[in-house]
Amino acid sequence: MTDPSHILRIAVARPLYQLLDYLPIPNTNAKLGARVCVPLGFSQCTGIVIHIIEKTDIANLKQIIHLVDQEPLFDQTSLQLLRWASQYYHHPIGEVMIKALPVLLRGQRQVPKTFFWQVNPQHPDATSLNRAPKQKALFTLISEQTAAIDFHTLRQQFQSNINSLLTLLEKKGFIYKASNQFVFQYQAPKILPRQKLQLTDEQQTCLNAIEDNKQTTQPKPILLHGITGSGKTEVYCRAIAPLIKKNQQILIIVPEIGLTPQLQQRFEQFFPEYKVALMHSKLNDSERMNAWLGTYSGQLDILIGTRSAVFTPMPRLGMIIVDEEHDSSLKQYEKFTYHARDIAIKRAYDLKISIILGSATPSLESFHNSEIGRYHYLRLSKRPSTHQSPKVLIQDIRALDPDVGIAPQLLKGISNHLAENSQVMLFLNRRGFAPTLYCPNCGWHAQCPHCDNNMTYHASSQQLLCHRCDNFKAVNSYCPDCKHSQITTQGQGTERIEQKLQRYFPKTTIIRIDRDTTSRKGELKQKLAEVHRGDPCILIGTQMLAKGHDFPNLTLVGILDIDHSLFSTDFRAWERLSQLIIQVSGRAGRAEKKGTVILQTTEPEHPFFHLLLSSGYLAVARYSLEERKNWHFPPYSQQALIRASATQMEYALEFLDKLKVILQSYQKEEEALELLGAAPSPIEKRAKRYRAQLLMNTKTRSHRHYYINRLLGDIASISKKGQLRWSIDIDPMDYA
Ligand code: ADP
Ligand code: ZN
Ligand code: ZN
């Protein structure tokens, strides 16, 4: 029992940076990591016990209202990780903790539990049940078990309503409730037999290095740089096999859910006797809670999840894998901004377990870490056996009418590959029909009234849609300014490309995969299954198709429009573009047939293409790192981006200018602090609000931490006008 003189230090589910102190309820035991209900102001809210302390300086403590959990939802290491995340990202602790729980457990709902039934050793003679055959059958079933059996399993096996039967059997003294626990609902998948593979020499070398690293007391993170199709997944499976057999759990973080159906299958095939589950945003709330509790209670062996899964408590965690570690979807942008890869690295470090970061195109941050010896660098440079890397051809489209969109050479390529019974994929990272709708008479453009942004014309829904704020409106048939009746579209979206190809290839199946065609549950899976059947078809897709998917019969990839990235001011533009080109190209030629990539550009002589195509990804990486070193950009500096938005641009700028002055006043000579801005953001207006930013560059993380911490102490006293909102993004990846 907690001594009533003890004090509970609690993270409450509110945007507060401090923990709050409360008195426990006498003669109750509030455990660390358990939820409690506490009074706060005139209302009450959920909180999580973070510390139990002896003394506090605060007078007149209030008592908590009640305990929600008898058993903690977070173990010590999870609490430590979440506290670290809250400090590192400067986000209120209570929000960090609550967001780490599945939605259904964020309030005060109890963890769902199920009774386990067992035979009473002193039960009456079973012949007394002869006139109640159902009860007798159920009793027989329970007595045949070697251990207590839970309600769900019983119901499944008995295939009838057992509620009242159980009550009767209990009353008559035949059975009793052995315990009351959470039971992970698991549907065993249909598992296809797995082909036993002989590892390539490269794979074996990687595996040996991973094994050696595991044996060290503080394993270093491993960067597994393997080209697409080089067999990274096979290496993951072999690396975790000995741990799984020792009853440890494995956490696999992936950027997007589009990737996971295949990955899940691969792990299920490799580990048919173990439980593998997914955790991602397309699950409904109770599915999510089931996966969370299954992992937390140790009933699940392998958890494959998107970024927020990185916080799921795992009592027997043995290894973490972050697949596609370079992918920007691993970063969460809304509210609590964090990078799942970086959290995963910290988690592995705390637990002294191995972590593998896999990618065909490592992030420059991770590559830099391997160059300076902080990470192990492992390489898979070839595809196993006959698989060959695709050939990339640059297609000059300077002479092509922009409204045509697809060069004749590419069209010819498509028909050739289809004629050979292969599949073709076209990549265009823009959904909708056309990005611009305009009036040729007066120059009017359809613009979103809430953002500075062209609205995209969607033909199927006959709507104009702003991709920044989702504002939409119906399309008029005449110009709203001059009433001219021939308004027209410009540029290409996936919808338009689909329509064009239908005209060129009327007999070919065309499958479009973008957010518009896959918004309903199961749609993506169904479309992917269709592609997997392998019949010749044309696949059109956005970035949803760029990564992960393994389509054995796909031999030609067309990349339609990436030129805008060549001129981006973002210092990560070259890194991103080479990642994109390599990832998209990686879809071609994954089986016996050789793949070809045709990349359309109006800049065929651009030095970027030359560097990437003649010297490869690492050459681009080294070149970019050199540049960043000169410019003091990450990974050679630590950044924080302070964003502000308001009803007028001047209010946002004014606020940030004040922050700048304050930050400068903290500055000590030896702790270099560079401040860029305040300036309007590249996207100046979004959803009726004007946006500005102030970028902070420091030499080390601890300097950055010091400045931001002090700033947060002072920020409340700064006057704010025009419904000003602000946020701080640590290690920003996106400067829009
Ligand atoms: P990655 O994860 O690097 O993209 P995968 O693990 O998906 O690569 O492997 C690509 C393909 O190669 C898969 O079909 C896989 O079954 C096959 N493969 C992997 N390792 C071997 C091997 N040692 N021998 C033969 N085929 C292999
Ligand atoms: Zn007009
Ligand atoms: Zn908008």
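No experiment lies behind these values; they were computed from the predicted model shown.

Undergrad: Looking at this model, I keep getting lost on the site of ligand 1. Mind explaining?
TA: Neighbouring ligand 1 are 18 residues, the closest being Gln-198, Gln-203, Gly-229, Thr-233 and Arg-266. Here a nitrogen atom of ligand 1 and a side-chain polar atom of Gln-203 are 2.7 Å apart. Between an oxygen atom of ligand 1 and a main-chain N or O atom of Gly-229, the distance comes to 2.9 Å. No other element matches the 3 residues that helix α7 (residues 232-245) contributes to the shell around ligand 1.

Undergrad: What should I look at first to understand the coordination of the zinc ion (ligand 2) in this one?
TA: Reference values for angles at a metal are 109.5 degrees in the four-donor tetrahedral case and 90 or 180 degrees in the six-donor octahedral case. The zinc ion (ligand 2) binds to the protein through Cys-439 (SG), Cys-442 (SG), Cys-479 (SG) and Cys-482 (SG), with metal-donor distances spanning 2.3 to 2.4 Å. Because the angles between the 4 donor atoms bound to the zinc ion (ligand 2) fall within 106 to 113°, the donor set is best described as tetrahedral. Considered as a linear motif, the donors of the zinc ion (ligand 2) on their single chain read C-x2-C-x36-C-x2-C. Of this pair, Cys-442 sits in the loop between β20 (436-438) and β21 (456-458) while Cys-479 sits in the loop between β23 (472-474) and β24 (488-490); the two residues are 37 residues apart in sequence, bridging distant segments of the chain. Residue Cys-442 is classed as partly exposed on the basis of its relative accessible area, which comes to 39%.

Undergrad: Would you explain the coordination of the zinc ion (ligand 3) in this entry?
TA: Protein ligation of the zinc ion (ligand 3) involves Cys-448 (SG), Cys-451 (SG), Cys-466 (SG) and Cys-469 (SG), the donor distances falling in the range 2.3 Å. In primary-sequence terms, the residues that donate to the zinc ion (ligand 3) follow C-x2-C-x14-C-x2-C. Placement of Cys-448 in the loop between β20 and β21 and of Cys-469 in the loop between β22 (463-465) and β23 is noted, with a sequence separation of 21 residues between them.

Undergrad: Could you clarify how one ought to interpret the side chain of Gln-600 in this entry?
TA: On the secondary structure map, Gln-600 appears in strand β28 (residues 596-601). Of the residues examined, Gln-600 reaches a relative accessible area of 1% and is grouped as buried. Within the local environment of Gln-600, its side chain forms a polar contact with the backbone oxygen of Gly-405, the two atoms lying 3.0 Å apart. Ignoring sequence-local partners within four residues, the contact set of Gln-600 consists of Gln-395, Ile-397, Gly-405, Ile-406, Ala-407, Leu-410, Ile-559, Leu-560 and Asp-563.

Undergrad: Help me out: how do you make sense of empty space enclosed by the protein in this one?
TA: Take a probe with the size of a water molecule and roll it over the atoms, and the empty space left behind shows itself. For the coordinates displayed, the defined rule picks out 2 cavities of 30 Å³ or more. Space inside the largest cavity adds up to approximately 50 Å³. Around the largest cavity, the lining residues are Thr-77, Ser-78, Leu-81, Arg-347, Asp-350 and Leu-351. Those elements that place two or more of their residues in the lining of the largest cavity are α1 (76-88) and α10 (340-351). Class assignment for the residues of the lining of the largest cavity results in 2 nonpolar, 2 polar and 2 charged. When we break the lining of the largest cavity down by domain, the ones giving at least three residues each are domain 1 (7-105) and domain 3 (201-380).

Undergrad: How do you make sense of the sheet that holds strand β7 (residues 149-150) when you look at a structure like this?
TA: The strand order across the open sheet built from 3 strands is β7-β6-β8, with neighbouring strands paired in antiparallel fashion. Lying at the two open borders of the sheet, with one neighbouring strand each, are β7 and β8 (175-181). In terms of strand pairing, strand β6 (residues 114-119) meets β7 through 2 bridges, oriented antiparallel. Considered in β7, the bridge of Phe-116 is made with Asp-150.

Undergrad: What am I meant to see in the sheet that holds strand β5 (residues 66-67) here?
TA: Adjacent strands of a sheet form backbone hydrogen bonds with each other and so pair up, either parallel or antiparallel. Taken in spatial order, the 5 strands of this open sheet run β2-β1-β4-β3-β5, and their pairing is antiparallel. Every interior strand has two partners, whereas the edge strands, β2 (20-22) and β5, have only one. In this structure, strand β3 (residues 35-40) lies alongside strand β4 (residues 43-53), joined through 6 bridges in antiparallel fashion. Across the sheet, the residue bridging to Arg-35 is Ile-48, located in β4.

Undergrad: Just checking my understanding: could you explain the nonpolar core for this structure?
TA: Across soluble globular proteins, nonpolar side chains have a tendency to be buried as a group. Among the nonpolar cores identified, the biggest contains 80 residues, and Phe-74, Met-97, Phe-311, Ile-320, Leu-656, Leu-659 and Leu-663 are the most heavily contacted of them. The element contributing the most residues to this core is helix α19 (residues 649-666), with 8 residues. Dropping the residues within four chain positions of it, Leu-663 is found in contact with Ile-642, Leu-673, Leu-675, Leu-694, Met-696, Tyr-707 and Leu-711. Core analysis: the next-biggest nonpolar cluster, separate from the first, contains 30 residues, Leu-199, Ile-250, Phe-267 and Ile-321 among them.

Undergrad: Could you clarify how one ought to interpret the environment of Gln-526 in this entry?
TA: Residue placement: Gln-526 occurs in helix α14 (residues 523-532). Separated by 60 residues in the primary sequence, Gln-526 and Cys-466 place their C-alpha atoms 28 Å from one another.

Undergrad: Would you take a moment to explain unusual backbone geometry for this structure?
TA: Excluding glycine, most residues fall at negative phi; most peptide bonds, likewise, are trans. Of the consecutive residues Pro-634 and Pro-635, the connecting peptide bond is found in the cis state with omega at 10°. Take Pro-635: it is sitting in the loop between α18 (617-631) and β29 (638-646). Residue Ala-678 follows Gly-677 across a cis peptide bond; omega there is 5°. Secondary-structure assignment places Ala-678 in strand β30 (residues 673-686). Positive phi, close to 55°, is recorded for His-90, a residue that is not glycine. In this structure, His-90 sits in the loop between α1 and α2 (93-99).

Undergrad: Just checking my understanding: could you explain the packing of helix α11 (residues 364-371) against α18 for this structure?
TA: When two helices pack together, their arrangement is given by the angle between their axes and by how far apart the axes lie. Contact geometry for α11 and α18: axes closest at 11 Å, N-to-C directions at 85°. Considering their axes alone, α11 and α18 lie roughly perpendicular with respect to each other. Across the interface between the two elements, Leu-364, Glu-365, Phe-367, His-368 and Glu-371 of α11 pack against Tyr-617, Leu-618, Ala-621, Arg-622, Ser-624, Leu-625 and Arg-628 of α18. Of the residues contributing to the contact of α11 with α18, the split by class is 6 nonpolar, 2 polar and 4 charged.

Conventions adopted
- Residues numbered from 1 in each chain as written.
- Chains lettered and ligands numbered in written order.
- Predicted model: local features only at pLDDT ≥ 70, side-chain atom pairs only at ≥ 80, totals over all residues.
- Heavy atoms only, no water.
- Near = heavy atom within 4 Å.
- Polar contact = N/O pair within 3.5 Å; in protein donor to acceptor, adjacent residues only side chain to side chain.
- Helix = DSSP H or I, 4+ residues; strand = E, 2+ residues; numbered from the N terminus.
- Donors = N, O, S within 2.8 Å, 3.2 Å for Na, K, Ca; no water.
- Tetrahedral: all angles 85-135°; square planar, octahedral: opposite > 155°, others 65-115°.
- Buried < 20%, exposed > 50% of the residue type's maximum accessible area, 1.4 Å probe, protein only.
- Contact = heavy atoms within 4.5 Å.
- 1 Å grid on protein atoms, 1.4 Å probe; cavity = no way out; pocket = protein on both sides within 12 Å on 5 of 7 lines; lining within 4 Å.
- Points joined across faces, edges and corners; volume = space filled by probe spheres on them.
- Nonpolar A, V, L, I, M, F, W, Y, C, P; charged D, E, K, R; others polar.
- Domains from an automatic or database assignment.
- Pairing = 2+ DSSP bridges.
- Core = buried A, V, L, I, M, F, W, Y, C linked by side-chain atoms within 4.5 Å.
- Axes fitted to C-alpha atoms, helices over the stretch in contact; angles between N-to-C directions.
- Parallel < 35°, antiparallel > 145°, perpendicular 65-115°, else oblique.

Such coordinate-based values are descriptive only and should not be taken to indicate function.
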